[in-house]
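# Working through the structure, step by step
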Amino acid sequence: MSYLVGIDIGGTFTDCAIVDRSGHLLTTKVPSTPADFALGMLSALGAGAQALGMSLEDFCREIDFLSHGTTVGTNTIIQKRGAKVGLITTKGHEDVIHIMRGSRGYSGRDIRKVVHFPETSKPTPIVPKRLIRGVSERVDCFGAVVVTLNQAQAEAAIRELLAEGVQAIAICFLWSFRNSQHELQVKKLVEKIAPQVFVTCSVDIAPKWGEYERVTATALNAYLGPVMSGYLDRLNSSLKNLGYRHGLQITQCGGGTVPVERAGEAPLLTLDSGPVSGVTASLFLGAAMGEKNIITTDMGGTSFDVAIIYEGKPAYSFISNTDQYEYFLPKIDLQAIGAGGGSLVRVDAGTRTMTVGPDSAGAFPGPVCYGRGGKVPTVTDAQLVLGYLDAENFAGGRMQLDHAAAVREISLLGKALGMTAVECAAGICRIVELQMADVIRKVTVEKGFDPREFVLFAFGGAGPAHAAVFARELGVKKVIVPQRKAASTWCAFGAAVADVLHIFEHTEILSTPVDASRINANLVALETQAKTLMASEGIAANRQRFEFSLDVRHKGQINEVEVALPYTRLPANYEARLRRLFVQRYEQLYGRGSALHGATLEYVVCRLRARALTPRPRLIRAKNTTRKIPAAAIRKKRAIYWPDLKKHRATPVYDGDALASGNQIKGPAIVETADTSVVVHPGSTLKFDTLGNFELTFQ
Amino acid sequence: MNAPLKKLTELTGLAFDGVRSGYVPPKQLKISPKLKLHRKAKQELDPVTFEVVRHALWNVNEEHGATIQRLSGSPVAMYALDLNPSILTEDAEFVYFGPYMQYMSGVTDTQVKWTLENRSDNPGIRDGDMFLANDPWVGAAHQMDVMLLCPVFYKGELFCWVTNCLHQYDIGGITPGSFCPSARDAFDEGILIPPVKIIENNEIRRDIEEIYLRSSRKPAAVALDFRAQLAGNITARDRVQTLIKRYGADTVKGVMKKIIDDGEKAFLKKLARLPDGIWRDRTYVECCRPGDRQVHRVLLTLRKENNRLVFENHGTAPQVGGINATYSGWRGAIMVALNELMCWEQYYAVGGALRHVDFNPTPGTLNCADFPASVSTAPVQSMEISLYPAYNVLSKMIYPDPELRRDVMCIGGTSQWPATIFRGIDQWGERYGYILVDPIGGAIGAFSHADGISTGGQARTPICKLPNVEHTEQSFPVLFLYRKEITDSGGAGKFRGGLSAESCFIPHGADSITHDTLSSGNAIPTSTGMMGGYPGAVNRYRFLRESNVLEKMQRSELVNDIDELTGQTETLGLRQQDFQQNPADVYAVLWSAAGGFGDPLERDPAKVLADVENGDVSTDAAKVIYGVILGNPEATAKHRAQLRLQRIGKPSGKKLGQKVQFLATENLAVRGARWSCAKCATDLGARKENYKAACVRIDLPIQASNPIVGDPHRYIDPKPQFRQFCCPGCGLAIENEIAIASDPLLKDVEISR
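Each helix and strand in chain B was counted, giving 15 helices and 28 strands. In terms of C-alpha radius of gyration, chain B reaches 26 Å, essentially the compact-globule figure of 27 Å for 753 residues. With respect to the principal axes defined by its C-alpha atoms, chain B has extents near 75 × 70 × 55 Å. Sorting the 753 residues of chain B into buried and exposed places 62% on the buried side. By sequence separation, contacts in chain B at least 24 residues apart represent 74% of the contacts at least 6 residues apart.

Shown next as structure tokens:
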């Protein structure tokens, strides 16, 4: 037997999804081990081996593809435990990373906080000024060397930084993406003087136009480098010792995976890759179901993440942010808002107003009903008050909830507003559900997609309770709660089914008309880079897949649009077709008539997504379907408050893990699994399909 | 000398109709009966519907702004975020105003009100119409800020307004870009358009659009931006109408009114916690036209009487040259500070607060100028100089309340904009004109509990970003030698103001660049500190002709400062026209930094040490201004005691025994009917008098206020001073003042109740 294994380390649990060649899926969940995450990862594997009745060594020998998503990078940034980084840059431009383009790093922050200046500040610098050295060298916008590299200054800079005790050196010069020779020369110099030090160049991680976002990418990569490569080295050698024979793959934020060696050089790629794996899993399942347009939603305790898959391809963003810093990196676009089970509810009795989030109670103290000292009610408390959750059987019985406490605190809020506890709880859910509808609107309607053409995937513990409401609000016809077995380890499953993906970029701002040969030369260079790298990774040519694209804009404007190239090389008369594709995409995003016909265009970035196909599991479809609901699936009825009916009703409750394919349940009903609770509102129907998903439809 | 100018409340028979004097809306708008207003608003809203619709309205406005940014794509809209969308009720009260360019708030409601009064009869305001407007006497900030006003109708009644304002690249006038530093009056500037119906029955009126575009040097760009504004309004209008269909018109209107009412309640609650009184601030504009060496005074008075605030500009110099703003510019500037200091928790929903704020302008002054004064530079001069004092007076008003005190903010950087306006043929062979956007990087002023934020942007645009050097170098024929934060630029204080930065460049890829300057605040700091804090750096132009920079580059020796180069130093005027920069000529421009809070001798020495290590403060300033001997606590304590003693000679005055009723400022306590030092209880006189008269006054040259300040005589004839007012008992700097030597003491704080 051979296995595909995906492992995802989260803050609390380490999940493992194991798929065999016949499509059987096995999942395990063990506590994460923050002191050394590798231990948790190995114990998740051990649990898998045990479930298969094998020794860990035998199991490791039979793994064909092992892919790993890790939160080590994210944790390093949150806890500020990264390396002491020295930065070498163009003399005169040492402050770029401190000036932060004259902003306070507001991306991704709540606007209420941004507009209140006394609550804002810049982040604690990842590289303090005293660890930044300017070196004389200069390239201009044409890529021409205007000032040659001052070798003596470069060497002095390296030696001074080493004397300061830096563990990593980041190198970023102005315009290096147009001409990288100075960066590479200094990198060589570092490797010669201090081979033990982690060194990274901006052209290796983010060869893009804009020094601030490029230098942050470089500095962040250096900041994560020593921690991450240490972790990965340990893990890799443990796995080798256990008998795993293939290359360990690490999930990356662009979707897909990179080999462990690349992740060691470019650990920035792993940041936020966990939630991205959920999108990868959705892509895979969507393909199996024949769904090409998917809104993926992931609602956990603190946040609600949304991504879009259109025509079978995920939407990308090219600038990300972490810890208030913005950096270049191609990434699957995840929009997040602070709306989760733990979102706090606040009431102002004076104005009779109620708000939900964006602050969260987190896991500690958590919602009131957790009984861990939380005093402020949360969305989870509201769900409990309404009866959506079972106090006795929460999280598969792993946890007992304090129903009375939740009712008490929510009653107090309700009183201040002149509402009963259930009315108040229903109101809390409604507010949070419409906030979610608004963020989905942002990534669909505002980006030119019509939500009515999409199905919505709802995963994460808190999502399926609300999905029906926000889906209906947006006109989405169908909600899928994916693969009930995989649901709780969805991101691990995503890791297991991911392809290897390398993204190569070349930035050169070219105004039309541009000769095809000029762009083709760039495409050839990208392809050569990809082929060389993939060959070194042992990926045979027949497994390699290349997709080229161009970022295009109107000259004089700032918005760039990525246009997928229908060619591997441009024919001489490419321009008319490319312009059509650009206008089509531009107007989809910005509205009909918004493109300036006949205007000069600028090509900014040539991009290559190079994939290596990996072994795929087959999903097994149930052969038999039945309408008859197994007796084992029927649980005791519960009194549940339905906002649409404005009253309580004794409602059927089902054990989702015991339902059979073909079962249909009309709302109102609750379907519980070990990890989540699907709320089937009056007027909706839940179907259990042959792939093991719950499918919610509305009348 | 002409007769002194009078306030609006003292004038009779003068029409504030937007023709000669700026339009000041009457309390009761005169709207034609032809226009039916939707007035019904549901009173009792359930809290859930309220929150859901409120959130949706905020999102409508956000999507409106996002639509403009996406569609315009122009560097002004994207970097400086010089735009703002808003939603107003049928009678033009603010519901929501976006977090972009805050100046545009004060110019929005007035233009809608003017349109209601003057367009409801002829040509009429109907469903499917929109009005284009940019007349600063009706309500624009300056001619380039073009508004598009869109009435939203429901069943034949005017339900509400959605509007937006967007800065245009060029709408005519004698200088490309339409900032006209040498304009004699408005006839030298861009086209003036009182609200005109440009969209009728959902169609663009070609004839009107062509008039609008005809005066522009960049008609295609203006046309594109006009479509962005149009799309923004349509998006917002459609979404409001969807909300009405979903929740009912009366409910949506009820939510709008409640947002305003809640804002009003919150505002009144704050006012109730504050003493009544009068707060004043004074500052100066330099150089009103090429060759001018005078300064032009700006005075702001804030009076609080129970639950009303009144702002006045009386005492401000008469309108003159090319430095003016109209009434709406002055009011808009003050509203920025009002929003940020007092309405932030309402997402800047200022409508409710405005019900309790009066503006009493003095027409004919430089920030409430009559037609046809030159006003094209208003947002970078007259409005900024009107805004920043508003931070000071409002901060001093809220300081007495310990909770509101946390919202105090000192004046930020780029408090006057040192403009670098240049043009020529670029490295790609095309004609260009540009104003360097870098000063948008600003700096944020110190808070009452924390340091300001270095290069944290301009407070008047909470979200903005300056372009990367690589962006500027791609589009224009320049090569930046450096862009760096400047040591000692941040105003000294117990909490330091944020540092500003300097950009330095040479021509690259062009034989020469033609420049204009446009600046003020180069002689006299305009980011004054507060409550003993020192001012941030002045604006500074440095120009080195025929330098050795190219030889140094040849030898692979770049520099970190223009001073490391040799050449002929040239002092640029503040409105110098048409000078050339050749390839070896180096041009550095520093924008002003942020003011500090509290006496610098009270700053934690550990923080001063960290500042020195980080290059924020020089060793010199640490010793002279902060009184810190680095790494030596005992020596520091001794040195600081000496400095305090130096300020006052020997301690004098009597200590008051009464209890402190409240703190009027960081250093000024109210004990019964008397002022006293907040730290040592020394009597500072009767409360009805100016406490400064009881302080030890030290008049220092202006250069003592900040190490970056140079000889003011380079730019102006009058002599500015840095006046310190110290406690005679302990030498604490109670307050500082920046003033022209001949100007009297400023009575900055009066507490009446």
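Here we take up the overall build of chain A. Looking only at helices and strands, chain A features 18 helices and 33 strands. Relative to a compact globule of 699 residues, whose C-alpha radius of gyration would be 27 Å, chain A shows 26 Å and is just as compact. Along the three orthogonal principal directions, the C-alpha set of chain A runs to about 80 × 65 × 55 Å. In chain A, which comprises 699 residues, the proportion classed as buried is 54%.

Take the domain arrangement of chain B next. Interface size, as often reported, equals the accessible area lost upon joining of the parts. Residue and element names in this part refer to chain B. Domain annotation for chain B reports domain 1 (47-267), domain 2 (404-598) and domain 3 (649-751). The C-alpha centroid of domain 3 is placed 31 Å from the C-alpha centroid of domain 2. With 22 residues of domain 2 at the interface, the matching set in domain 3 holds 19 residues. Looking at the side of domain 2 that touches domain 3 residue by residue, the class counts come to 10 nonpolar, 10 polar and two charged.

Okay, the interface of chain B and chain A next. Taken together, the contact between chain B and chain A spans 66 residues of the former and 62 residues of the latter. At the level of elements, helix H1 (47-72), helix H2 (75-80), helix H5 (219-247), helix H6 (249-272), helix H10 (469-475) and strand E14 (478-485) of chain B are the ones that each hand at least two residues to the side of chain B that touches chain A. The element contributing the most residues to the side of chain B that touches chain A is H1 of chain B, with 11 residues. In terms of residue class, the side of chain B that touches chain A is built from 33 nonpolar, 17 polar and 16 charged.

With respect to the secondary-structure elements, aspartate 743 of chain B resides in the loop between strand E27 (733-740) and strand E28 (749-751). Separated by 22 residues in sequence, aspartate 743 of chain B and glutamine 721 of chain B have C-alpha atoms that sit 9.9 Å apart.

With that out of the way, let us pick up the domain arrangement of chain A. All names here are of chain A. Per the domain assignment, the segments making up chain A are domain 1 (3-76 + 230-273), domain 2 (77-229), domain 3 (293-475), domain 4 (500-612) and domain 5 (644-698). When each unit is reduced to the centre of its C-alpha atoms, the spacing between domain 2 and domain 4 is 28 Å. Counting residues at the interface gives five residues for domain 2 and seven residues for domain 4. Considering only residue class, the side of domain 2 that touches domain 4 consists of three nonpolar, no polar and two charged.

Residues and elements named next belong to chain A. Structurally, phenylalanine 394 can be placed in the loop between helix H12 (379-386) and helix H13 (403-417). Residue classification places phenylalanine 394 among the partly exposed positions, given that 18 C-beta atoms sit within 10 Å. Separated by 283 residues in sequence, phenylalanine 394 and serine 677 place their C-alpha atoms 9.1 Å apart. With near-sequence residues (within four places) excluded, phenylalanine 394 lies in contact with Leu389, Met399 and Leu401.

As a further point, take the nonpolar core. In this structure, Val85, Ile169, Ala219 and Ala425 of chain A together with Leu394 of chain B are the most contacted members of the largest nonpolar core, which totals 443 residues. With 14 residues, the single largest contributor to this core is helix H9 (residues 211-242) of chain A. Those residues in contact with alanine 425 of chain A that sit more than four places away from it in its chain are Ala382, Val385, Leu386 and Ile410 of chain A. One finds Leu601, Val608, Val617 and Ala622 of chain B within the second-largest nonpolar core, a separate group that totals 11 residues.

Residue and element names in this part refer to chain A. Pairing is parallel across the open sheet formed by four strands, whose spatial order is E6-E5-E9-E10. Strands at the two margins of the open sheet, each flanked by one partner only, are strand E6 (132-135) and strand E10 (198-201). Going from strand to strand, the sheet's axes swing by 20° on average, the running direction of each strand aside. Contacting strand E5 (85-90), E6 and strand E9 (168-172), helix H6 (residues 151-163) runs over the sheet at an angle of about 170° to E6. Together, E5, E9 and E10 form the strand contacts of H9, whose direction differs from that of E9 by roughly 160°.

Criteria and thresholds
- Residues numbered from 1 in each chain as written.
- Chains lettered and ligands numbered in written order.
- Predicted model: local features only at pLDDT ≥ 70, side-chain atom pairs only at ≥ 80, totals over all residues.
- Helix = DSSP H or I, 4+ residues; strand = E, 2+ residues; numbered from the N terminus.
- Rg over C-alpha atoms; globule rule 2.2 N^0.38 Å.
- Buried ≥ 20, exposed ≤ 12 C-beta atoms within 10 Å, placed from the backbone.
- Contact = placed C-beta atoms within 7 Å.
- Domains from an automatic or database assignment.
- Nonpolar A, V, L, I, M, F, W, Y, C, P; charged D, E, K, R; others polar.
- Core = buried A, V, L, I, M, F, W, Y, C linked by C-beta atoms within 7 Å.
- Pairing = 2+ DSSP bridges.
- Axes fitted to C-alpha atoms, helices over the stretch in contact; angles between N-to-C directions.

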